[in-house]
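Coordinate analysis (summary)
One-letter residues, chain by chain:
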Amino acid sequence: MNSVVRPVPRSGILDIAPYVPGKSTATGGTKLHKLSSNETPLGASPKAIEAYRDLAAKLEFYPDGSATRLREAIARAHGLGADRIVCGNGSDEILHLLTSIYVGPGDEGVYSEYGFLVYPIAITGAGGTPVKVPEKNFTADVDALLAAVTPKTKIMFLANPNNPTGSYLPFDEVKRLHAGLPPHVLLVLDAAYAEYVRRNDYESGIELVSQSNNVVMARTFSKIYGLAGLRIGWMYGPEHVVDALNRYRGPFNMNAAAIAAGAAAIEDREFAARAGDHNETWLPKVTEALSAIGLTVTPSVGNFVLVHFPDRDGRRAPDADAFLQSQGIIVRRMDAYGLPNALRITIGSAEANEDVIAALTEFLK
Ligand SMILES: *Cc1c(COP(=O)(O)O)cnc(C)c1O
């Protein structure tokens, strides 16, 4: 076989700069760091990737409509009953299904001021009225949330920890919130970042779900497990809620690749632990470095930080965003959350984090 001659792209093709996917609007910089979606810099477990590849040979078959392999792997990992778990096409689907099932026209859904934007979208989409409750210090306010409940309230969302603030409620406060809710209100604990939290007073909510009739916990494989592209979420809930979801969801809402790769990912505990350790190293470093150059960083327990900029011409968040983009760094603007002078920055690779710190130091000079 002649190994020298091979097909060659016509002239110009290899001069094309590689396409950078995602909502990249960076204007400069040689490398690109995408720190805008709280994705992990470590990728997915090699075992999950292998399971995904294996599925390629079986694409003609419908998936298991009950996602049994995945539910059982989740149940084993968390010590839960598999029959109390429902999987979804991202936890996004779970949040939307729950809202569609429990909220209708004339009903209200309560969420916290800087809560995840999916909540008002789902509530509004279901025909309900979103009720936004002010926070204190960028943290959910239990008393204010309870004061917002009316006979029309059907659902309350609490992201714990919350995105984009990174703040969390200790479990005592979550229990106090639940204790003050009327029993007809469904409390949705969205624990998308639970795996990243290393605080003794934090619980994802499993205990509360087990002991109540009106609490569910939503989780995702998009964050620490690095499977955002496959869309895998799940919920642990009381039997009657699980039954309602199983009736209403699409019969094959989980695709076969997601079931296989998700199960392999959650069984690879070592890989997830490494992603957690990486965050534990870099979250305080980034927080301290950005604080040291004069920025205000909301203390975070997630894999991202909310950074507040000075109210000075040329030094505000949009200016910083433009400068970061010119350095090839993509972060998330917070205008949609009512925080036009803040940016949310995901903890990235060591190199990305160093680049962010260097770029913002230069920006503030
Ligand atoms: C990222 C995130 C999710 C996860 O969404 P998926 O649909 O599972 O990708 C859910 N809730 C919050 C608060 C998040 O930040």
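Residues numbered from 1 in each chain as written. Predicted model: local features only at pLDDT ≥ 70, side-chain atom pairs only at ≥ 80, totals over all residues. Heavy atoms only, no water.

Stated formally: UniProt positions are given in the numbering used here, feature names are shortened, and annotations may be inferred rather than shown by experiment.
The protein goes by Histidinol-phosphate aminotransferase in an unreviewed UniProt entry, where it is assigned to Methyloraptor flagellatus. Quoted straight from UniProt, the Subunit (unreviewed entry) entry for the protein says "Homodimer."

**Quick word on the site of the ligand**
Let me state the cut-off plainly: If even one non-hydrogen atom of a residue comes within 4 Å of a molecule or strand, that residue is called near it. Per-residue accessibility takes into account occlusion by the displayed protein chains alone, with areas from the Shrake-Rupley method and a 1.4 Å probe. Here a cavity denotes a set of grid points, spaced 1 Å apart and computed over the protein atoms alone, in which a 1.4 Å probe fits but from which it cannot get out, and a pocket denotes an open set meeting protein on both sides within 12 Å along at least five of seven lines; residues with an atom within 4 Å of a point are reported as lining. Placement in a cavity or pocket follows one criterion, namely that more than half of the molecule's atoms lie within 2 Å of its grid points. Each residue receives one of three labels: charged for Asp, Glu, Lys and Arg, nonpolar for Ala, Val, Leu, Ile, Met, Phe, Trp, Tyr, Cys and Pro, and polar for the others, Gly being one of them.
By nearness alone, every residue bordering the ligand is listed as Gly90, Ser91, Asp92, Phe116, Asn163, Asp190, Ala192, Tyr193, Thr220, Ser222, Lys223 and Arg231. Expressed as a share of its isolated accessible area of 390 Å², the protein-covered part of the ligand is 93%. Of all the cavities here, the one that holds the ligand is the largest pocket. In the shell around the ligand, the residues fall into three nonpolar, five polar and four charged.

**Section: helix 4 (residues 118-125)**
This is how it is decided: Type-normalised accessible area, obtained with a 1.4 Å probe on protein chains alone, sets the label of each residue: buried when under 20%, exposed when over 50%, and partly exposed for intermediate values. Helix and strand definitions follow DSSP, with helices as H or I runs of at least four residues and strands as E runs of at least two, each counted in order from the N terminus. Whether two residues are in contact is decided by their heavy atoms: any pair within 4.5 Å suffices.
Of all the positions in helix 4, only Val118, Tyr119, Pro120, Ala122 and Ile123 are classed as buried. Buried residues along helix 4 sit in contact with helix 3 (91-102), strand 3 (108-112), strand 4 (129-133), strand 5 (153-159) and strand 6 (186-190).

**Some points on the packing of aromatic side chains**
Each aromatic ring pair is summarised here by two numbers: the centre-to-centre distance and the angle between the ring planes. For clarity, the cut-off: In this analysis, rings of Phe, Tyr and Trp, with Trp reduced to its six-membered ring, are considered paired at centre separations within 6.5 Å, and the interplanar angle assigns stacked below 30 degrees, edge-to-face beyond 60, and tilted for intermediate values. Counting as a charge over the ring demands two things of the Lys NZ or Arg CZ atom: a distance within 6 Å of the ring centre and an angle within 35 degrees of the ring normal.
Overall, the coordinates contain nine aromatic pairs when judged by the stated rule. Both rings, one in Tyr62 and one in Phe252, keep their centres 4.8 Å apart while their planes meet at 40°; by these two values the pair is tilted. Of this pair, Tyr62 sits in the loop between helix 1 (46-55) and helix 2 (68-78) while Phe252 sits in the loop between helix 8 (239-248) and helix 9 (256-267), and the two are 190 residues apart along the sequence. According to the relative accessible area criterion, Phe252 is partly exposed, its value standing at 43%. Centroid distance Phe309 to Phe363: 6.2 Å. Interplanar angle 75°. Geometry classified as edge-to-face. One end of the pair, Phe309, is in the loop between strand 10 (304-308) and helix 11 (317-326); the other, Phe363, is in helix 12 (residues 350-364), and 54 residues separate them in sequence. Taken individually, Phe309 and Phe363 each receive the classification buried, so the pair is uniform in this respect. Put simply, the rings of Phe116, Tyr119 and Phe157 touch in pairs and so form one group of aromatic residues. One residue, Lys285, lies across the ring of Trp282, its end atom 4.6 Å from the ring centre.

**A closer look at the domain arrangement of the protein**
By a widely used convention, the size of an interface equals the accessible area lost when the partners come together. Cut-off, in case you're wondering: For the purposes of this description, domain bounds are those given by an automatic or database domain assignment. Accessible-area loss on putting two parts together, using a 1.4 Å probe and summing over both, is the definition of buried area adopted here.
Segmentation of the protein into domains returns domain 1 (20-44 + 270-363) and domain 2 (46-267). Using C-alpha coordinates to define each centre, domain 1 is positioned 26 Å away from domain 2. Listed by partner, the interface residues are 27 residues for domain 1 and 25 residues for domain 2. Together domain 1 and domain 2 conceal approximately 2,300 Å² of surface at their shared face, both sides included; 65% is due to carbon and sulfur atoms.

**Topic: the pairing of strand 5**
Heads up, the rule is: If DSSP finds at least two bridges between two strands, the strands pair. Assignment of crossover handedness uses the view with strands pointing away from the viewer, where a clockwise path from the first strand over the helix to the second indicates a right-handed crossover.
With six of seven residues buried, strand 5 is to be regarded as a mostly interior element. Where strand 3 lies against strand 5, four bridges are found, and the strand directions are parallel. From the neighbouring strand, Val110 faces strand 5, where its bridge partner is Met156. Two strands pair when backbone bridges link them, and strand 5 and strand 6 are joined in this way by five bridges, in the parallel orientation. The residue bridging Met156 from the neighbouring strand is Leu187, located in strand 6. Of the crossover connections in this fold, the one passing from strand 5 over helix 6 (residues 171-180) to the parallel strand 6 is right-handed.

**Focus: the confidence of the model for the protein**
Predicted coordinates in areas of low pLDDT are best not read in detail. The criterion, for reference: pLDDT is defined as a per-residue confidence score from the predictor, taking values between 0 and 100.
Averaged over every residue, the pLDDT of the protein is 93; residues scoring 70 or more account for 94%. Segment residues 15-23 is flagged for pLDDT under 50; beyond a separation of four residues in sequence, or across chains, it makes seven contacts in the model.

**Here's the deal with the nonpolar core**
Generally speaking, a soluble globular protein has its nonpolar side chains buried in company with each other. Spelled out, the test is: Nonpolar cores were defined as sets of buried Ala, Val, Leu, Ile, Met, Phe, Trp, Tyr and Cys residues, with membership established by side-chain atoms within 4.5 Å.
By size, the foremost hydrophobic cluster in this structure holds 65 residues, and its most contacted members are Leu70, Met156, Phe221 and Trp234. Of the residues forming this core, the biggest block, nine residues, is contributed by helix 9. Counting contributing residues, this core receives three or more from each of domain 1 (20-44 + 270-363) and domain 2 (46-267). Among residues more than four places away in sequence, those in contact with Met156 are Val110, Leu145, Val149, Leu177, Leu181, Val185, Leu186, Leu187 and Val188.

**Considerations on the layout of surface pockets**
Heads up, the rule is: Grid points are joined across faces, edges and corners, and a volume is the space filled by probe spheres set on the points.
If you add up the space inside the largest pocket, you get close to 490 Å³. Around the largest pocket sit 22 residues that line it, and Ser37, Phe116, Ser222, Lys223 and Arg231 are the ones nearest its centre. Of the residues in the lining of the largest pocket, the class split is eight nonpolar, seven polar and seven charged. Of the pockets and cavities examined, the second largest pocket occupies roughly 270 Å³. Residue lining of the second largest pocket: 14 residues in total, with Ala77, His78, Glu195, Arg219 and Tyr225 positioned closest to the centre. Elements with a minimum of two residues in the lining of the second largest pocket: helix 2 and helix 10 (269-292).

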